[in-house]
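The primary structure of each chain is shown beneath.
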Amino acid sequence: MGDQDEELGDLVKGKDRESEKFIWDRLLSKYSKQAIISGIAYCISSCSMILLNKLLLSGYNLNAGISLMFYQNLVSVVIIYGLSSLGVITTEPFTWKLVLTWLPVNLIFVGMLISSMYSLKHMHVAMVTILKNVTNLLIAVGEMYMFKTRHSCKVWGSLLLMVLSATCGGITDLAFHGIGYGWQTINCFLTAAYSLTLRKVMDLAKQASHSGTLNDVSMVLLNNALSLPLGLGLILVFNEAQYIYDAPVVKLPVFWAVMTLSGLLGLAISFTSIWFLHQTSPTTYSLVGSLNKIPLSLAGILLFNDFWQEFFLL
């Protein structure tokens with residue numbers, strides 16, 4: 001009788017272990033799928049955003065990067081508030097503690113967007129995407145010091161090859177533009193700082209929120225809403241309001257259609273970047289972002305020839 005009880009106990013334990021293993025396998029499978037889906041969504045929205053910004057800044061010869069950022073973030077805020085008022089999504093109420101916790105990463109966010117737009121204004125899409133590889137190395141080094149993360153030799157080898165490609169691309173760039181390279185260098189450092197601080201601030205923001213939790217939509221709303229007063233102040237300082245008022249391009253309906261579309265993509269990239277960072281690390285986030293370099297470069301070449309410029313500028 002005792003032997004039977006022991007066998008029955010071993011059988012139950014074995015089933016428990018199998019059940020536990022099944023649960024872990026399901027969890028790992030679930031998170032890996034989320035990481036893949038969020039990574040693909042981030043790459044698509046990132047590619048589309050860069051191409052549309054290039055079209056607006058160079059194709060339409062728009063010399064108002066701060067105003068463009070302001071409008072894109074305004075579209076995002078309006079959409080989120082609209083969906084929230086309809087009960088489609090839920091957002092966390094803002095508190096001063098939450099705002100002050102998020103403010104540092106928001107300042108970096110605004111600087112990153114503005115520097116990206118001005119670098120696109122003066123440089124080719126392909127060259128911008130190549131130089132962005134330097135950001136990956138900065139993020140990997142920063143993650144090593146901030147999060148005590150250890151990277152394998154394969155990761156370091158890949159990063160060094162990316163930096164080498166950026167160096168070779170810069171040396172052979174026949175359309176070298178000092179101002180464009182200056183803005184892109186600033187953008188590399190700000191992008192790395194944004195990726196590293198965002199992951200850390202996301203955890204702190206949850207503790208500072210009213211409910212103790214903060215979903216991705218609330219984070220996107222907080223990031224975009226806080227950028228509006230700062231962007232408005234910069235518009236007034238650099239006198240972009242007068243420029244926008246006098247610019248002939250603002251009278252084109254298709255221009256505003258493309259502007260609004262870029263705002264929708266801005267919302268998409270804000271959400272997918274936060275979602276993807278939840279599933280991975282800053283280094284993985286930056287490396288996966290590098291996967292869009294080849295299709296983005298080819299799209300830039302195809303999109304910004306004479307035929308497509310004439311089509312979009314009608």
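Residues numbered from 1 in each chain as written. Predicted model: local features only at pLDDT ≥ 70, side-chain atom pairs only at ≥ 80, totals over all residues. Heavy atoms only, no water.

### Focus on the overall build of the protein
Note the threshold: The way it works is that DSSP assigns letters per residue, a run of H or I at least four long becomes a helix, a run of E at least two long becomes a strand, and they are numbered from the N terminus. We call two residues contacting when some pair of their heavy atoms lies within 4.5 Å. Areas reported as accessible are Shrake-Rupley estimates using a 1.4 Å probe. Residue values count occlusion only from the protein chains shown.
Tallying secondary structure elements over the protein gives 13 helices and 0 strands in all. When the elements of the protein are put in sequence order from the N terminus, they spell out α-α-α-α-α-α-α-α-α-α-α-α-α. Taking all contacts inside the protein whose residues are at least 6 apart in sequence as the whole, residues at least 24 apart take part in 87%. Working note: accessible area of the protein is about 16700 Å², and carbon and sulfur atoms make up 70% of it.

### Overview of the side chain of Ser115
Filter applied, for reference: Buried residues are those whose accessible area, probed at 1.4 Å on protein chains only, stays under 20% of the maximum for their type, while exposed residues exceed 50% and partly exposed ones sit between those limits. Polar contact is the term for a pair of N or O atoms within 3.5 Å; when the atoms are in protein, one must be able to donate a hydrogen and the other to accept it, and sequence-neighboring residues count only if both atoms are side-chain atoms.
Of note, Ser115 is situated in helix H3 (residues 96-122). Judged by its relative accessible area of 0%, Ser115 is buried. A polar atom in the side chain of Ser115 sits 3.0 Å from the backbone oxygen of Met112.

### A look at the packing of aromatic side chains
Two aromatic rings, taken as a pair, are described by how far apart their centres are and by the angle between their planes. Under the convention used in this document: Two rings belonging to Phe, Tyr or Trp (six-membered ring only in the last case) form a pair when the distance between their centres is within 6.5 Å. Interplanar angles under 30 degrees mark stacking, angles over 60 mark edge-to-face geometry, and anything in between is tilted.
Under the defined criterion, the tally for this structure stands at 5 aromatic pairs. Ring centres of Tyr71 and Trp256 lie 5.5 Å apart, and the angle between their planes is 65°; this geometry places the pair in the edge-to-face category. Taken together, the residues span a long stretch of sequence, with Tyr71 in helix H2 (residues 65-85) and Trp256 in helix H10 (residues 253-279) at a distance of 185 residues. Between Phe255 and Trp256, the aromatic rings sit 5.5 Å apart at their centres with planes inclined by 75°, giving edge-to-face as the arrangement.

### Structural notes on a nonpolar patch on the surface
Cut-off, in case you're wondering: Candidates for patches are residues over 30% relative accessible area with no salt bridge; among them, like charges are joined within 9 Å and nonpolar side chains (Val, Leu, Ile, Met, Phe, Trp, Tyr) within 5 Å. In what follows, salt bridge is the name for a side-chain nitrogen of Lys or Arg lying within 4 Å of a carboxyl oxygen of Asp or Glu.
Nonpolar side chains collect at one region of the surface, where Trp96, Leu100, Leu103 and Leu107 lie side by side and expose about 460 Å² of accessible area between them. Examined against the element boundaries, Trp96 turns out to sit in helix H3. Residue classification places Trp96 among the exposed positions, given a relative accessible area of 69%.

### What to know about the nonpolar core
Generally speaking, a soluble globular protein has its nonpolar side chains buried in company with each other. Selection rule: Joining through side-chain atoms within 4.5 Å is the link that ties buried Ala, Val, Leu, Ile, Met, Phe, Trp, Tyr and Cys residues into a set, and such a set is a nonpolar core.
By size, the foremost hydrophobic cluster in this structure holds 59 residues, and its most contacted members are Trp102, Leu198 and Phe255. Taken together, the elements giving at least two residues each to this core come down to helix H1 (2-59), H2, H3, helix H4 (125-131), helix H7 (178-208), helix H8 (216-237) and H10. For this core, the element with the highest residue contribution is H3, accounting for 13 residues.

### Digging into the environment of Ser211
Within the element layout of this structure, Ser211 appears in the loop between H7 and H8. Taking the relative accessible area as the measure of exposure, Ser211 reaches 46% and is therefore partly exposed. Remark: the alpha-carbon pair of Ser211 and Glu92, spanning 119 residues in sequence, is separated by 7.8 Å.

### Let's talk about unusual backbone geometry
Residues other than glycine seldom take positive phi values, yet Asn61 does so here, at roughly 55°. Relative to the elements of secondary structure, Asn61 occurs in the loop between H1 and H2. Taking relative accessible area as the criterion, Asn61 reaches 54% and is therefore assigned exposed.

### Considering H3
Here is the rule: One less than the residue count of a helix, multiplied by 1.5 Å, gives the span that helix is expected to have.
Compared with the 39 Å implied by 1.5 Å per residue over 27 residues, the 39 Å span of H3 between its first and last C-alpha is a close match. For H3, the buried fraction is high: 19 of the 27 residues fall into the buried class.

### Concerning the side chain of Asn106
On the secondary structure map, Asn106 appears in helix H3. For Asn106, the contacting residues outside a window of four places in its chain are Leu222, Asn223, Leu226 and Ser227.

### Considering the environment of Ala140
Here Ala140 lies in helix H5 (residues 133-146). The exposure class of Ala140 is buried, given its relative accessible area of 0%. C-alpha separation for the pair Ala140 and Leu196, spaced 56 residues apart in sequence, amounts to 9.3 Å.

### What about the packing of H2 against H8?
Note the threshold: Here an axis means a line fitted to C-alpha atoms, over the contact stretch when the element is a helix, while the angle between two N-to-C directions is reported on a 0 to 180 degree scale. Rotating anticlockwise by less than a right angle from the far helix to the near helix defines a left-handed crossing, while the corresponding clockwise rotation defines a right-handed one. Any residue that is not Ala, Val, Leu, Ile, Met, Phe, Trp, Tyr, Cys, Pro, Asp, Glu, Lys or Arg is counted as polar, Gly included; the first ten are nonpolar and the last four charged.
Two numbers describe how H2 lies on H8: the axes approach to 8 Å, and their chain directions differ by 145°. Judged by the twist between their axes, the crossing of H2 over H8 is left-handed. Together, Ile66, Ser67, Met69, Phe70, Asn73, Leu74, Ser76, Val77, Ile80 and Tyr81 of H2 and Val217, Val220, Leu221, Asn224, Ala225, Ser227, Leu228, Gly231, Leu232, Leu234 and Ile235 of H8 make up the contact between the two elements. For the contact of H2 with H8, a count of residues per class yields 15 nonpolar, 6 polar and no charged.

### Here's the deal with H5
Here H5 contains 14 residues, and its C-alpha end-to-end distance of 20 Å stays within 8% of the 20 Å for a straight helix at 1.5 Å per residue. Within H5, burial applies to Asn133, Thr135, Asn136, Ile139, Ala140, Gly142 and Glu143.

### Some points on the confidence of the model for the protein
Any region with low pLDDT has predicted coordinates that should not be read closely. The following threshold applies: The predictor reports its confidence for every residue as pLDDT, a score running from 0 up to 100.
With 68% of its residues at a pLDDT of at least 70, the protein reaches an overall mean of 74. Across the protein, the element-wise mean pLDDT spans from 39 in helix H13 (residues 306-312) up to 91 in H2. Note that pLDDT drops below 50 for residues 4-9; the model gives that stretch 0 contacts with residues more than four away or on any other chain.

### A few points about the packing of H8 against H10
Condition: Here the angle decides the label: under 35 degrees means roughly parallel, over 145 means roughly antiparallel, 65 to 115 means roughly perpendicular, and every other value means oblique.
Packing of H8 against H10 leaves a shortest axis separation of 9 Å and a crossing angle of 130°. Classed by the angle they form, the pair H8 and H10 counts as oblique. Both H8 and H10 take part in a crossing whose hand is right-handed. Residues Asp216, Val217, Met219, Val220 and Asn224 of H8 form the contact with H10, whose participating residues are Leu267, Ser270, Phe271, Ile274, Trp275 and His278. In terms of residue class, the contact of H8 with H10 is built from 7 nonpolar, 3 polar and 1 charged.

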